[in-house]
Amino acid sequence: MPELPEVETVRQGLTKLVGGAKIDSVEVLYPKMINMPADEFASQLAGQTIERIDRRGKYLLFRLTNDLTLVSHLRMEGKYEVEPAGSTRPKHTNVVFHLDDGRELWYKDTRMFGKMALVANDAVMELSGLNKIGPEPTADDLSFTYLKERLHKSHRKLKAFLLDQSQVAGLGNIYCDEVLWMSKLHPEQPTNYVSDAEIEKLRDNIITEIAAAIKGHGTTVHSYSNAFGEAGQFQNQLQAYGRKGEPCRRCKTLMEKIKVAQRGTTFCPKCQVVHGDLSD
DNA sequence: GTTAACGCCTGAAGGC
DNA sequence: TGCCTTCAGGCGTTAA
């Protein structure tokens, strides 16, 4: 499932593969995933050049000519693939972009969760909801002051807070479990009782974990692969996610799995303990 | 205003 | 073997 590091890996791959490519025509095979009638979508994209591909949080932004941006969210299993024209398309190919150089860019999504929106550049932030997204998980954007203020203002469980894209951009289920384990914080810890020292540690771990995952080209869980069809390498470094019943890599206690905010959550019951005050 | 729960989807895995 | 149920989950929408 793509989280920020996977989306960034896809962005880099797509930039090399289709940056500068011109779109001849578009076939929409699953109209529900786009924000307008399929024929309108196709006619607006015909003749456009992909000038650049940006990313904000987990959203891909295809910058096109004529001041248009194609906003794409992969959700659970969305993938892009580039093949020669006429190649046999796999099941669940939702959108086909016919390029003028004899290639096709496919958007595939087995779970059909992904979304695409074609919007004017000056309306991108508003119409696609990007204006509600929190800071990127980097040292420059995610400050201690901001994180502390948001955490202490909230009364939620820590994992629910971290999954909320309006608080911090880019964290999904896997990296939440990872950074909470690294920070020795319980996923159900109330956010308003996280101490300064814990916030500093949490912030550091978010920033370093995401950076390391980007460097390792993302995590492979289930069927994720990047735009080149390569599997990410980062799954070999997972410490918490998916390790239910296995010994904690710090204290050897068996890892447990619970549900937090409707998500499967793996943690160490010894290292990660809920506390109700601000002491460390 | 804030937080929790639901629905969208398909395929894999488990139970019988 | 084959059918049925459960589970996986990001996020927009709806409810509390």
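These remarks concern the structure in this document. Please read these numbers as outputs of a predicted model, since none were measured by experiment.

As a further point, take the protein's contact with DNA strand C. Around DNA strand C there are 15 residues in total, and Tyr59, His73, Arg111, Phe113 and Asn173 lie nearest to it. Of what DNA strand C places within 4 Å of the protein, 61% of the atoms are sugar or phosphate. Arginine 75 has a polar side-chain atom sitting 2.9 Å from a base nitrogen of DNA strand C. Here a phosphate oxygen of DNA strand C sits 2.9 Å away from a polar atom, N or O, in the side chain of lysine 259. Mapped by element, the contributors of at least two residues to the surface near DNA strand C are strand S9 (256-260) and strand S10 (263-267). Tallied by class, residues from the surface near DNA strand C come to five nonpolar, four polar and six charged.

Once that is clear, we can look at the nonpolar core. Ranked by size, the top nonpolar core spans 31 residues in total, and within it Phe41, Tyr80, Phe97 and Met116 carry the most contacts. The element best represented in this core is helix H1 (residues 4-18), accounting for four residues. With residues up to four places along the chain from it excluded, the contact list for phenylalanine 41 reads Val26, Val28, Ile34, Met36, Leu70, Met116 and Leu118. Of all hydrophobic cores here, the second largest spans 22 residues; its members include Tyr146, Leu151, Leu162 and Leu185.

Time to look at helix H7 (residues 196-215). Spanning 20 residues, H7 covers 29 Å between terminal C-alpha atoms, matching the ideal 28 Å at 1.5 Å per step. Taken residue by residue, H7 has Glu198, Ile199, Leu202, Arg203, Asn205, Ile206, Ile207, Glu209, Ile210 and Ala213 as its buried positions. Each element contacted by the buried residues of H7 is listed here: H1, helix H4 (144-153), helix H5 (158-163) and helix H6 (173-182). Immediately beyond the C-terminal end of H7, within one or two residues, lies histidine 217, with a positive phi of roughly 65°.

The rules behind these values
- Residues numbered from 1 in each chain as written.
- Chains lettered and ligands numbered in written order.
- Predicted model: local features only at pLDDT ≥ 70, side-chain atom pairs only at ≥ 80, totals over all residues.
- Heavy atoms only, no water.
- Near = heavy atom within 4 Å.
- Polar contact = N/O pair within 3.5 Å; in protein donor to acceptor, adjacent residues only side chain to side chain.
- Helix = DSSP H or I, 4+ residues; strand = E, 2+ residues; numbered from the N terminus.
- Nonpolar A, V, L, I, M, F, W, Y, C, P; charged D, E, K, R; others polar.
- Core = buried A, V, L, I, M, F, W, Y, C linked by side-chain atoms within 4.5 Å.
- Buried < 20%, exposed > 50% of the residue type's maximum accessible area, 1.4 Å probe, protein only.
- Contact = heavy atoms within 4.5 Å.
- Expected span 1.5 Å × (residues − 1).

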